[in-house]
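# Coordinates in review
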Amino acid sequence: MTIRFDGRVAIVTGAGNGLGRAHALGLASHGARVVVNDFGGARDGTGGSLTPAETVVEEIRKLGGTAMANGADVSNFEQVKAMVDRANREWGSVDLLCANAGILRDKSFSKMEVADFAKVMDVHLTGTFYCCKAVWDGMRERNYGRIVITSSSSGLYGNFGQANYGAAKAGLVGLMNVLAEEGRKNNIRVNTISPTAATRMTEELLPPQALGLMRPEAITPAVEFLLGEDAPTRTIIGAGAGSFAVIKIMESEGVNLAESDWTPDAVAAHFAEISDMSKARALEGAFQQTQKYVGQAAARAGIKL
């Protein structure tokens with residue numbers, strides 16, 4: 001099987017540098033026409049220039065690909081919508097979206113300003129929502145769409161000094177979970193990449209020998225797989241330095257307590273059994289959790305559902 005994107009139109013946000021640049025080049029090399037979006041600001045989101053996007057477009061064209069530059073700020077819905085409208089007008093569709101744009105404003109929680117929390121949420125979480133919203137109706141009408149959302153281990157597992165970034169990145173998993181369910185009937189598949197790579201965001205955090213192993217190009221194969229025609233949906237792939245893994249949110253089997261034990265002391269007494277992960281499983285939807293709990297309660301009460 002060869003994964004290609006001939007005839008497909010892709011938008012990659014934050015594509016002027018790092019991961020986004022690698023994804024844009026990769027998609028173009030496999031036949032996609034690529035909208036290279038980048039606001040062109042500094043790592044903290046200040047400033048702005050179309051030059052980074054134009055530079056990547058020129059790289060793609062020199063390699064024989066097709067691309068256009070776009071400087072939309074993903075935290076501005078009107079600009080995002082205009083970007084999607086232009087792609088539809090000039091190329092007829094938007095089939096693939098890689099929502100990769102991001103900024104960092106790291107500080108410990110006690111020192112974090114409200115504005116820094118809000119801006120990071122605006123770019124990562126709200127900005128990804130805006131991009132998905134802008135392409136969604138067209139994907140539904142064409143009964144085809146592939147979306148990759150960019151999360152992070154900082155949100156999935158936690159990282160000191162990144163309350164804003166971690167909250168946004170964890171929120172993106174929730175967005176994926178819902179969009180994947182709503183997109184099924186229209187062949188829209190929505191997945192998440194959790195990357196770790198040597199980029200402007202990590203260059204000050206890792207030693208040179210580690211950065212040398214973590215080229216952005218090592219992430220792109222997973223993104224291309226998740227954007228492919230036969231991609232799964234509602235899947236999180238972790239990727240970095242050539243390693244790839246699937247990440248799942250697991251829930252223990254749990255314990256149903258009699259009403260007489262609905263006390264904090266009873267929860268404490270049973271906590272070892274409650275937290276036993278030997279029978280843990282990944283639930284496929286919110287109602288599945290409800291069904292599990294109700295089923296356990298009915299079994300205790302002798303009720304046949």
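Residues numbered from 1 in each chain as written. Predicted model: local features only at pLDDT ≥ 70, side-chain atom pairs only at ≥ 80, totals over all residues. Heavy atoms only, no water.

### Describing the packing of helix α4 (residues 114-142) against helix α6 (residues 163-183)
Where α4 meets α6, the closest approach of the two axes is 8 Å, and the angle between their N-to-C directions is 20°. As summarised for this structure, α4 and α6 are arranged roughly parallel, according to the angle between their axes. Seen along the crossing, α4 lies across α6 with a hand that is right-handed. Counting all contacts with α4, which are made through Asp116, Phe117, Val120, Met121, His124, Leu125, Thr128, Phe129, Cys132 and Trp136, the residues of α6 involved are Ala163, Asn164, Tyr165, Ala167, Ala168, Lys169, Gly171, Leu172, Leu175, Leu179, Glu182 and Gly183. (Axes fitted to C-alpha atoms, helices over the stretch in contact; angles between N-to-C directions. Helix = DSSP H or I, 4+ residues; strand = E, 2+ residues; numbered from the N terminus. Parallel < 35°, antiparallel > 145°, perpendicular 65-115°, else oblique. Left-handed = near helix turned anticlockwise from the far one by under 90°. Contact = heavy atoms within 4.5 Å.)

### Side note on empty space enclosed by the protein
Throughout the structure, instances matching the rule amount to one cavity of 30 Å³ or more. Here the largest cavity is characterised by a volume of approximately 30 Å³. Surrounding the largest cavity, Thr13, Val74, Ala99, Asn100, Ala101, Val123, Gly127, Thr128 and Cys131 form its lining. With four residues, α4 is the single largest residue contributor to the lining of the largest cavity. Partitioning the lining of the largest cavity into residue classes produces five nonpolar, four polar and no charged. (1 Å grid on protein atoms, 1.4 Å probe; cavity = no way out; pocket = protein on both sides within 12 Å on 5 of 7 lines; lining within 4 Å. Points joined across faces, edges and corners; volume = space filled by probe spheres on them. Nonpolar A, V, L, I, M, F, W, Y, C, P; charged D, E, K, R; others polar.)

### Considerations on the packing of aromatic side chains
Going through the model one piece at a time under the given rule, you end up with two aromatic pairs. Ring centres 5.3 Å apart and planes at 50° place the aromatic pair phenylalanine 77 and tyrosine 130 in the tilted group. Taken together, the positions of phenylalanine 77 in helix α3 (residues 77-91) and tyrosine 130 in helix α4 put the pair 53 residues apart, joining distant regions of the chain. Given a relative accessible area of 26%, phenylalanine 77 falls into the partly exposed group. When the centroid spacing of 5.8 Å and the interplanar angle of 50° are considered together, the rings of phenylalanine 129 and tyrosine 130 count as tilted. (Phe/Tyr/Trp six-rings, centres within 6.5 Å; stacked < 30°, edge-to-face > 60°. Buried < 20%, exposed > 50% of the residue type's maximum accessible area, 1.4 Å probe, protein only.)

### Re the packing of helix α1 (residues 18-29) against helix α8 (residues 220-227)
The contact between α1 and α8 brings their axes to 9 Å, and the two run at 55°. Comparing their axes, α8 and α1 come out oblique. Two packed elements cross with a definite hand, and for α1 against α8 that hand is right-handed. Between α1 and α8, the contacting residues are Ala22, His23, Gly26 and Leu27 on the first element and Thr220, Val223, Glu224 and Leu227 on the second. Looking at side-chain class alone, the contact of α1 with α8 contains four nonpolar, three polar and one charged residues.

### Here we look at the nonpolar core
Formed by 37 residues in total, the largest nonpolar core has its most connected members in Ile11, Val35, Leu97, Val135, Ile147, Ile149 and Val190. Of all the secondary structure elements, the ones that give two or more residues to this core are β1 (9-12), α3, α4, β5 (145-150), α6 and β6 (188-195). By residue number, the principal contributor to this core is α4, which donates eight residues. Ignoring any residue separated from it by four or fewer positions in sequence, one finds isoleucine 147 in contact with Leu97, Cys132, Val135, Trp136, Met139, Ile188, Arg189, Val190, Asn191 and Leu227. Membership of the second largest hydrophobic core comes to 31 residues, among which are Ala15, Val34, Cys98 and Ala197. (Core = buried A, V, L, I, M, F, W, Y, C linked by side-chain atoms within 4.5 Å.)

### Quick look at the layout of surface pockets
To find leftover empty space, a probe the size of one water molecule is rolled over the atoms. There is about 450 Å³ of room inside the second largest pocket. Asn177, Arg234, Ile249, Leu283 and Glu284 are, among the 22 residues lining the second largest pocket, the residues nearest its centre. Top contributing element to the lining of the second largest pocket by residue count: α6, with five residues.

### Some points on the pattern of salt bridges
According to the stated counting rule, one finds 11 salt bridges in the structure shown. Linking lysine 81 and aspartate 85 is a salt bridge whose minimum nitrogen-to-oxygen distance equals 3.2 Å. Of the two residues, lysine 81 and aspartate 85 are both situated in helix α3; the distance of four residues between them amounts to about one turn of the helix. According to the relative accessible area criterion, lysine 81 is partly exposed, its value standing at 38%. A salt bridge links glutamate 284 to arginine 234; the nearest nitrogen and oxygen atoms lie 3.3 Å apart. In this pair, glutamate 284 is assigned in the loop between α10 (271-274) and α11 (286-301) and arginine 234 in the loop between α8 and β7 (236-240), connecting sequence segments 50 residues apart. The network of salt bridges with common partners includes Arg21, Glu59, Arg215 and Glu217. (Salt bridge = Lys/Arg side-chain N within 4 Å of Asp/Glu carboxyl O.)

### Things to note about the confidence of the model for the protein
Residues of the protein with pLDDT of at least 70 account for 97%, and the chain-wide mean is 95. When pLDDT is averaged over each element of the protein, strand β4 (residues 96-99) comes out on top at 99 and helix α7 (residues 208-213) at the bottom at 80. (pLDDT = per-residue confidence, 0-100.)

### So, α11
Compared with an ideal rise of 1.5 Å per residue, which puts 16 residues at 22 Å, α11 spans 23 Å between its outermost C-alpha atoms and is within 8% of the ideal. The set of residues buried in α11 consists of Lys292, Gln296 and Ala298. All buried residues of α11 fall inside an arc of 165° around its axis, so they share one side. Facing away from the buried surface of α11 by more than 90 degrees, the exposed residues are Ala286, Phe287 and Ala301. (Expected span 1.5 Å × (residues − 1). Arc of directions from axis to C-beta.)

### So, a nonpolar patch on the surface
Among the surface-exposed residues, Val294, Ile303 and Leu305 lie close enough to one another that they form a single nonpolar patch of about 320 Å² accessible area. Tracing the backbone through its elements, the reader meets valine 294 in helix α11. (Patch = residues over 30% accessible without salt bridge, like charges linked within 9 Å, V, L, I, M, F, W, Y side chains within 5 Å. Areas by Shrake-Rupley, 256 points an atom, 1.4 Å probe, with all protein chains shown as cover.)

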